[in-house]
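Chain and residue survey
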Amino acid sequence: VTITTRLLVSHLSGIRHYEKDITKVKEEKEKANRAHKLTKSHQDKEQKEKEGKGIEKPEGIGKTDCVKQKKEHDGETKSRNSKPGRKDKEFEQEEYYLKEKFESVIESLKIFKNDPLFFKPGDQFLYSTYGFTLLSAVVERASGQKFTDYMLKMFRDLDMMSTVLDDNEAMIYNRARCYVYNKKGRLVNAPYVDNSYKWAGGGFLSSVGDLLKFGNALLYSYQAGQFKNRNDKLLPGYLKPGTVAMMWTPVPKTEVSWDRDGKYAMAWAVVEKNQQYGCCRQQRHYASHTGGAVGASSVLLILPEELDPEALGTWAAAPPRGVIVTIICNMQSVSLNSTALKIAREFDKEKRAQ
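Description of the structure in this document. Just so it is clear, the structure is predicted and the values come from calculations on it, not from any experiment.

Focus on the sheet that holds strand β8 (residues 296-304)
Strand order in the open sheet formed by five strands is β5-β6-β7-β8-β9, with antiparallel pairing between adjacent strands. Single-partner strands in this sheet number two, and they are β5 (263-264) and β9 (322-329). In the sheet, strand β7 (residues 286-293) pairs with β8 via seven bridges, with the strands oriented antiparallel. Looking at the pairing, Ser-288 lines up with Leu-301 of β8. Across the sheet, helix α8 (residues 208-224) is in contact with β8 and β9; its angle to β9 comes to roughly 150 degrees. On top of the sheet, helix α10 (residues 337-353) reaches β7, β8 and β9; it is set at about 150 degrees to β9, its chief contact.

Some points on a negative patch on the surface
A contiguous patch of negative charge, built from Asp-21, Glu-27, Glu-28 and Glu-30, is present on the exposed surface. The topology assignment puts Asp-21 in the loop between α1 (5-9) and α2 (22-56). Residue classification places Asp-21 among the partly exposed residues on the basis of a relative accessible area of 31%.

Notes on unusual backbone geometry
Look at the link from Pro-319 to Pro-320: it is a cis peptide, with omega at 5 degrees. Mapped onto the secondary structure, Pro-320 falls in the loop between β8 and β9. Despite not being glycine, Ala-267 has its phi angle at roughly 65 degrees, a positive value. Tracing the chain through its elements places Ala-267 in the loop between β5 and β6 (269-271). When its relative accessible area of 27% is taken as the criterion, Ala-267 is described as partly exposed. Here the phi dihedral of Cys-279 falls at roughly 60 degrees; this positive angle occurs in a residue that is not glycine. Note on Cys-279: relative accessible area 44%, which makes it partly exposed.

Description of the pairing of β7
In the sheet, β6 pairs with β7 via three bridges, with the strands oriented antiparallel. Directly across from Val-271, in β7, lies its bridge partner Tyr-286. Counted along the chain from β7 to the antiparallel partner β8, the turn is two residues long, and its residue Gly-295 has a positive phi close to 90 degrees.

Topic: the environment of Ser-335
Among the secondary structure elements, Ser-335 is positioned in the loop between β9 and α10. Overall, Ser-335 belongs to the partly exposed group, its relative accessible area being 24%. Separated by 44 residues in the primary sequence, Ser-335 and Gly-291 place their C-alpha atoms 9.4 Å from one another.

Details of α10
The terminal C-alpha atoms of α10 lie 24 Å apart, and with 17 residues this matches the ideal 24 Å at 1.5 Å per residue to within 8%. Of the residues making up α10, those classed as buried are Asn-337, Ser-338, Ala-340, Leu-341, Ala-344 and Asp-348. Viewed end-on, α10 has its buried residues packed into an arc of 155 degrees, placing them on one side of the element. Exposed residues pointing more than 90 degrees away from the buried face of α10 are listed as Phe-347 and Ala-353.

Examining the pattern of salt bridges
A complete count under the given rule lists 15 salt bridges for this structure. Where Glu-100 meets Lys-110, a salt bridge forms, and the shortest distance between an N and an O atom there is 3.3 Å. Residue Glu-100 is found in the loop between α3 (63-80) and α4 (105-108), and its partner Lys-110 is found in the loop between α4 and α5 (129-143); the two are separated by 10 residues along the sequence. Lys-110 sits in the partly exposed class, given a relative accessible area of 44%. We note a salt bridge from Glu-305 to Arg-321, for which the minimum N-O separation is 3.4 Å. On the criterion of sequence distance, the pair formed by Glu-305 in the loop between β8 and β9 and Arg-321 in the loop between β8 and β9 is long-range, its members being 16 residues apart. Taking the relative accessible area as the measure of exposure, Arg-321 reaches 17% and is therefore buried. In the salt-bridge network here, residues are joined through shared partners; they are Arg-16, Lys-20, Glu-95 and Asp-115.

Focus: the packing of aromatic side chains
Tallying each qualifying case throughout the model produces 11 aromatic pairs. With a centroid separation of 5.6 Å and an interplanar angle of 45 degrees, the aromatic rings of Phe-125 and Tyr-264 are classed as tilted. Within this pair, whereas Phe-125 is found in the loop between α4 and α5, its partner Tyr-264 is found in strand β5, the two being separated by 139 residues in sequence. Classification of Phe-125 by relative accessible area gives buried; the value is 7%.

Description of α8
With 17 residues, α8 ought to run about 24 Å at 1.5 Å a step, and its terminal C-alpha atoms sit 24 Å apart, in line with that. Three or more residues of α8 are buried, namely Asp-210, Leu-211, Gly-215, Ala-217, Leu-218, Leu-219, Tyr-220, Ser-221, Tyr-222, Gln-223 and Ala-224. Of the surrounding secondary structure, the elements contacted by the buried residues of α8 are α9 (241-247), β8 and β9.

About the criteria used
- Residues numbered from 1 in each chain as written.
- Predicted model: local features only at pLDDT ≥ 70, side-chain atom pairs only at ≥ 80, totals over all residues.
- Heavy atoms only, no water.
- Pairing = 2+ DSSP bridges.
- Helix = DSSP H or I, 4+ residues; strand = E, 2+ residues; numbered from the N terminus.
- Contact = heavy atoms within 4.5 Å.
- Axes fitted to C-alpha atoms, helices over the stretch in contact; angles between N-to-C directions.
- Patch = residues over 30% accessible without salt bridge, like charges linked within 9 Å, V, L, I, M, F, W, Y side chains within 5 Å.
- Areas by Shrake-Rupley, 256 points an atom, 1.4 Å probe, with all protein chains shown as cover.
- Salt bridge = Lys/Arg side-chain N within 4 Å of Asp/Glu carboxyl O.
- Lys, Arg positive; Asp, Glu negative; His and termini not counted.
- Charge placed at Lys NZ, Arg CZ, Asp CG, Glu CD.
- Buried < 20%, exposed > 50% of the residue type's maximum accessible area, 1.4 Å probe, protein only.
- Expected span 1.5 Å × (residues − 1).
- Arc of directions from axis to C-beta.
- Phe/Tyr/Trp six-rings, centres within 6.5 Å; stacked < 30°, edge-to-face > 60°.

Everything listed is a geometric property; what it means functionally is a separate question.
This is the structure:
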């Protein structure tokens, strides 16, 4: 088979995640698909009923109905997310708790390199941390540098001075303690783990400030090409606009566990702009990614401003234009994407009101 870097960044490679039993993975996917079909069927039925009522009473749809629909949607979104500290089967996998220290990303490939692929590359989506371990090995060979050195230089370029390797032995200023719930539902310190086997998929420590810088750098790169640079004072973005646009373009056959409206793109989950009916549910284009580790949860969400192409040449304000939300929580298994999206929408609403 052939596994490309594009397949790796979109989790279509067939490389396993932490679960080694393909039967269990298939069962979980089938359960998720059944639940999704039931939810979609219920939503379609409700929509048809609303359309039927709308035909009978065209003047009956008013502000109250819009508010009601919004509340129903918010309630539905809330029900998808479990309570903080929920029992998460994901974290029952033994490989989350590895304590072995690997000196290089090439060495860490031995964990999974002899395991069979779960499917032919490109056929199905399966989120895989180990896929990103292999991707880090590709970066190491292509750059001719250690992956960790390459990343730390990049963080320095981005002015992310608080983003470092999650190295247990190093003295890291302001490093937070992480927590989990034990079997009795009580808070305890997270167990000791060594993340050197997955630097790319969950081995860095960062801060809210640094993640905001990262989000702004990406949003600037995404929008810079859309602004007319009259005085040649607009510096280029860290990435080319087309590169970010490609990274934020949904890839076929993918899915996103933390947002049913989304598809996976290249290392990002993306929701595309969509609204089918007036005064009804609408989707704004945004990109996000959650993070889950032993004792910690996080999210970074980027909601670009909807730019008017005709007004771009007259705007004094330069990119980035939009809302960036990031949350870091030193608690395991906390669903944060829905919260981040609500915060982003509130700030976006406030900006529009101005």
